[in-house]
Amino acid sequence: MILFLALFLAVSFPSPADDEALLRAAIFLSGASDAEQLDESILEQLSLCRSSPLKINRLNAAGLASTGILTTYQAASIVDYRSRSGDILSWEELALLDGFSEETVEVLKPFLSLESRNPPGAVADSVYRVKQELLLRVTEKNAGAKYRLGSRDFSLALARRYSAGGGSGSGHIKAAFGAHEFVLGAYNLRFGQGVSHWSAFRLSGLSTLNAFLQHGPALSPVQSFAPSGAHQGLAWQYSTLHFQGLVSASLPGFAAVRGMYRFRSGEVGTSALWDSGRPFFSLEGRLGLPRAEMCWEASLTPWTAAGNLSAILKPGERFRLAFQGRVLPSRFTGKKNGEYALASGAEYSFSRTNFLSFTADAALLPVPLSEPRRRQFRSYALWQCAPGEGNTLKLRFDTKIPSWSPPRLEFRADFLRDGPAPLALRADAVRCDGWGFLSYAEFGRRDPSFSAYFRITAFSTDGWNSRIWSYERDVPGSFSVPAYNGHGFAFTLYGSVKYTIRKWTFKACVRSGVQIKKEKPAQASLHFQTVLQR
C-alpha cells in the first residue's frame, strides 16, 4: 500500500531542491554505511563548506585542511603539486594526485573550487580576494550567527540553545592569519586514530572499508548548537606544507601539545596530553602508497599502553582489502569500554556505482573481574547497484553477536531514485529478543530554488532491543535519527526555499512531523530555520 501511494504521489506532488550530495559525501568521508551512523557535526561542516567551496588553487595547506573536508595528507599533496606544476585546472588532474582517486574527487566536487588566476603551469600563488559572509540561523529552540571576512578567514560564531528546562549552547571565535589559526570557545581535537584522544563524533563500528582509517583535522571549531564532547577553551595551531604544531587548553583540566611532520607519502606526529589528572603520550603515523594506505598510533600512560594499526590494500583496480588491530585496555581508557579486537574487510567494485563489500570485527571486551569477560562479533555485508540511470539499490545484512545478550540480525533494502522527482523506499527487518519491522516511502520534487518531501513510515517492534533507527530529513543543525519501537505510523513533511538578490542568499527550511503509536498519544514536532548569506 505504501509503495503504491509513493509511486502515485511522486508524479503528482509539486516540485523541489535538495542535499543528497551532502549526505552521500558525509557517508563516504566518514566511512559510514548509511545516514543512521552519521552525526550532525559532520553534516553541519559539509553544509558550511558547500556554501563557500574550498579554492584549492588559492589556499595554503592550513586553509585546505582546516574544514576537515580534506585530510592533512591530501592538503599537503595539493600544495606540493601546485609548487611544482602550477594550479590544478581539471577534476581529472586532481584525481591523479596522491591521496585522491576518481571516486574521491566525484564526492568532493560540490565542496571544492578550481578557480585560478594563474596561467597554466605558473607556480606563483595569487592573493585570495576579500570576501564576506553573514549566516543567521533561527529554529524553534536555537538562534545563532556567524560572520566571516576575507582571505584571512576571520570568523565569529555565537549560539545559544533554548529549551523548556533552560540550558546554554556554544560559540567560538576563530581567527586565521597565514599559517596561524586561533580558536576561542568550543572546539574539537582529533589526533591520529583516536587512541589517546578523539573528541566529537566517530563511528562505533567498521561498517565499510573507509571506516578503517580515521581522518579529520587536528583542530576544528564546533559549529553545532549543542556540541557533544567538545572542549571549551583556547587553542592555537600552526600549519605549513611540512609541519603542523598545536597547543590547547580547556576546562576542566585538559591540555595538549602536538607536533606533526608531513612528507610526500605520509606523515608522522607525536602528542602529549593531560586529561583530568591523567597524562598521555602518543606516537602516530600515516603512509600512502600507490597500492596501499596504512596508519598507526601507539599511546602510553604511567599505568598501561594502547595502540591501533590499520591498513587498506588495493591489489587490483577493482579490489580492496582492509585490516585493523586494536588494543585498548580498560585500564587505559579508565572505563569499561576497553577492547582487544581484530577486524578485516573486502570490497569488489564492478563499477563506480556497483560494488560488494563485507567487513567483520571480533572483539574481547575487558570488564571488572566480578563480571565475566565479554566477547562480541559484528559483521556488515553490503551490495550496491544501479538498476537504471539515477537509481540506486542497496541490500545490507548486519549481525551483532554479543556474549552477554541475544544476537541482533538485521536485513535492510533501500531503493533511491535521484533527479527532479526523487523517491526513497526502505524495508527493514530485525531479529533480536523479538521481531522488528519498518518500512517507509519518501517522495518529492526539487529544483534549485524550492524543494518538498513527504514521508510515510510504518513500524512494528516487539521490544526495545528490536528497535530500528531511521534517518529523517531535517533542517540543518537538527540532525534526526529517531529509534522506532512499538507499533504505529509516522508522517513527516520537509520543505525549503532559496532566493538570491544582489549577492545575498536567503534560505528557509521547515520540517513538521507526527508519530502515532498504539501504546501512546500522538506526538508532533516542528523545526524551522532561516539562513542569510553573502
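Cut-offs used in this document
Residues numbered from 1 in each chain as written. Predicted model: local features only at pLDDT ≥ 70, side-chain atom pairs only at ≥ 80, totals over all residues. Heavy atoms only, no water. Helix = DSSP H or I, 4+ residues; strand = E, 2+ residues; numbered from the N terminus. Buried < 20%, exposed > 50% of the residue type's maximum accessible area, 1.4 Å probe, protein only. Contact = heavy atoms within 4.5 Å. Areas by Shrake-Rupley, 256 points an atom, 1.4 Å probe, with all protein chains shown as cover. Expected span 1.5 Å × (residues − 1). Phe/Tyr/Trp six-rings, centres within 6.5 Å; stacked < 30°, edge-to-face > 60°. Core = buried A, V, L, I, M, F, W, Y, C linked by side-chain atoms within 4.5 Å. pLDDT = per-residue confidence, 0-100. Pairing = 2+ DSSP bridges. Patch = residues over 30% accessible without salt bridge, like charges linked within 9 Å, V, L, I, M, F, W, Y side chains within 5 Å. Salt bridge = Lys/Arg side-chain N within 4 Å of Asp/Glu carboxyl O. Polar contact = N/O pair within 3.5 Å; in protein donor to acceptor, adjacent residues only side chain to side chain.

**Q** How should I be thinking about the overall build of the chain in this particular structure?
**A** Scanning the chain for helices and strands turns up eight helices and 29 strands. Residues counted as buried form 51% of the 534 residues belonging to the chain. Contacts in the chain between residues at least 24 apart in sequence constitute 50% of all its contacts with a sequence separation of at least 6. Here the chain displays about 24,700 Å² of accessible surface, and carbon together with sulfur accounts for 62% of that area.

**Q** What is the right way to look at helix α5 (residues 72-85) in this model?
**A** It helps to recall that an α-helix has 3.6 residues per turn; residues three or four apart then point in one direction. Look at α5: 20 Å from first C-alpha to last across 14 residues, which is about the 20 Å you get at 1.5 Å a residue. The element α5 is largely enclosed, with a buried count of ten among its 14 residues. Here α5 has its buried residues at Thr72, Tyr73, Gln74, Ala75, Ala76, Ser77, Ile78, Val79, Tyr81 and Arg82. Downstream of α5 by one or two residues, Gly86 has phi in the positive range, about 90 degrees.

**Q** Can you help me understand unusual backbone geometry in this one?
**A** Peptide bonds are mostly trans, and most non-glycine residues show a negative phi. Residue Pro252 is bonded to the preceding Leu251 through a cis peptide linkage, with omega at 0 degrees. You can see Pro252 is positioned in the loop between β10 (243-251) and β11 (254-263). Within the chain, Ser276 stands out as a residue other than glycine whose phi angle is a positive 50 degrees. Tracing the backbone shows Ser276 in the loop between β12 (266-275) and β13 (278-289).

**Q** What exactly am I supposed to notice about the side chain of Gln214 here?
**A** With respect to the element layout, Gln214 can be found in the loop between β7 (180-189) and β8 (219-221). If near-sequence neighbours (up to four positions away) are discounted, Gln214 is found in contact with Gly192, Gln193, Trp198, Arg202 and Arg286.

**Q** Sorry, what's going on with the packing of aromatic side chains here?
**A** Both the distance between ring centres and the angle between the ring planes are used here to describe each pair of aromatic rings. One pass over the full model with this rule turns up eight aromatic pairs. Centre to centre, the rings of Phe280 and Phe332 are 5.4 Å apart; their planes meet at 80 degrees, and the pair counts as edge-to-face. On the criterion of sequence distance, the pair formed by Phe280 in strand β13 and Phe332 in helix α8 (residues 330-333) is long-range, its members being 52 residues apart. Across this residue pair, the class does not change: Phe280 and Phe332 are buried.

**Q** Explain the environment of Leu313 to me, please; I cannot follow it from the model alone.
**A** In this structure, Leu313 sits in strand β15 (residues 305-313). The exposure class of Leu313 is partly exposed, given its relative accessible area of 30%. In the structure, Leu313 is positioned 19 residues away from Met294 in sequence and 8.4 Å away in space, judged by C-alpha atoms. Ignoring any residue separated from it by four or fewer positions in sequence, one finds Leu313 in contact with Arg291, Ala292, Phe319, Arg320, Leu321 and Phe323.

**Q** So what exactly am I meant to see when it comes to the nonpolar core here?
**A** Soluble globular proteins: nonpolar side chains tend toward being buried together. Ranked by size, the top nonpolar core spans 46 residues in total, and within it Ile78 and Leu94 carry the most contacts. Of all the secondary-structure elements, those providing two or more residues to this core are α2 (20-30), α3 (40-51), α4 (61-65), α5, α6 (91-95) and α7 (102-108).

**Q** For this particular structure, what's the right way to read the confidence of the model for the chain?
**A** It should be kept in mind that the predicted coordinates are not to be read in detail where pLDDT is low. With 80% of its residues at a pLDDT of 70 or more, the chain shows a mean pLDDT of 80. A low-confidence stretch, residues 1-18 (pLDDT under 50), is modelled with 52 contacts involving residues beyond four sequence positions or located in other chains. Predicted confidence is poor over residues 125-129, with pLDDT under 50, and the contacts of this stretch with residues over four places away or in other chains come to 17 contacts.

**Q** What should I look at first to understand the side chain of Thr492 in this one?
**A** Tracing the chain through its elements places Thr492 in strand β27 (residues 487-501). Ignoring any residue separated from it by four or fewer positions in sequence, one finds Thr492 in contact with Tyr453, Phe454, Arg455, Glu472, Arg511, Ser512 and Gly513.

**Q** Could you clarify how one ought to interpret the pairing of β15 in this entry?
**A** Within a regular strand, the side chains alternate between the two sheet faces. Both strand β14 (residues 292-300) and β15 contribute to a ladder of nine bridges, which runs antiparallel. If you follow Leu300 over to β15, its bridge partner there is Ala305. Hairpin connection between β14 and β15: a loop of four residues separates the two successive antiparallel strands. Adjacent in sequence and paired antiparallel, β15 and strand β16 (residues 319-328) are bridged by five residues.

**Q** Whenever I open this one, a nonpolar patch on the surface confuses me. Can you help?
**A** A contiguous nonpolar patch, built from Phe450, Val497, Tyr499, Ile501, Trp504 and Phe506 and spanning about 550 Å² of accessible area, is present on the exposed surface. Within the residue set of the nonpolar patch, elements represented by two or more residues are β27 and β28 (504-517). Take the nonpolar patch: its biggest share by element is three residues, from β27. Here Tyr499 falls in the exposed class, since its relative accessible area comes to 53%.

**Q** Teacher, can you tell me more about the pattern of salt bridges here?
**A** Two side chains that carry opposite charge are able to pair once their charged atoms sit near each other. In total, this model carries 18 salt bridges according to the counting rule given. Measuring nitrogen to oxygen at the nearest pair gives 4.0 Å for the salt bridge that ties Arg286 to Glu267. Of the two residues, Arg286 is situated in strand β13 and Glu267 in strand β12; the sequence distance between them amounts to 19 residues. Neither residue differs from the other here; Arg286 and Glu267 are each classed as buried. With a closest N to O distance of 2.4 Å, Arg426 and Asp428 form a salt bridge. The same class applies to Arg426 as to Asp428, namely buried.

**Q** Explain the environment of Arg473 to me, please; I cannot follow it from the model alone.
**A** Assignment of secondary structure puts Arg473 in the loop between β25 (468-469) and β26 (483-484). Here Glu442 takes part through its side chain, which lies 2.7 Å from a polar atom of the side chain of Arg473.

**Q** Can you walk me through the environment of Leu364 in this structure?
**A** One can find Leu364 in strand β18 (residues 354-365). Put simply, Leu364 and Tyr340 are 24 residues apart on the chain and 5.1 Å apart in space, counted from C-alpha to C-alpha. Not counting chain neighbours up to four residues away, the residues in contact with Leu364 comprise Gly338, Glu339, Tyr340, Arg373, Arg374 and Arg375.

**Q** Please clarify how the pairing of β27 should be interpreted in this entry.
**A** The pairing of strand β24 (residues 450-461) with β27 spans eleven bridges and is antiparallel. Among the inter-strand pairings, Phe459 is bridged to a residue of β27, identified as Gly488. Hairpin connection between β27 and β28: a loop of two residues separates the two successive antiparallel strands, and Arg502 in this loop has a positive phi of roughly 50 degrees.

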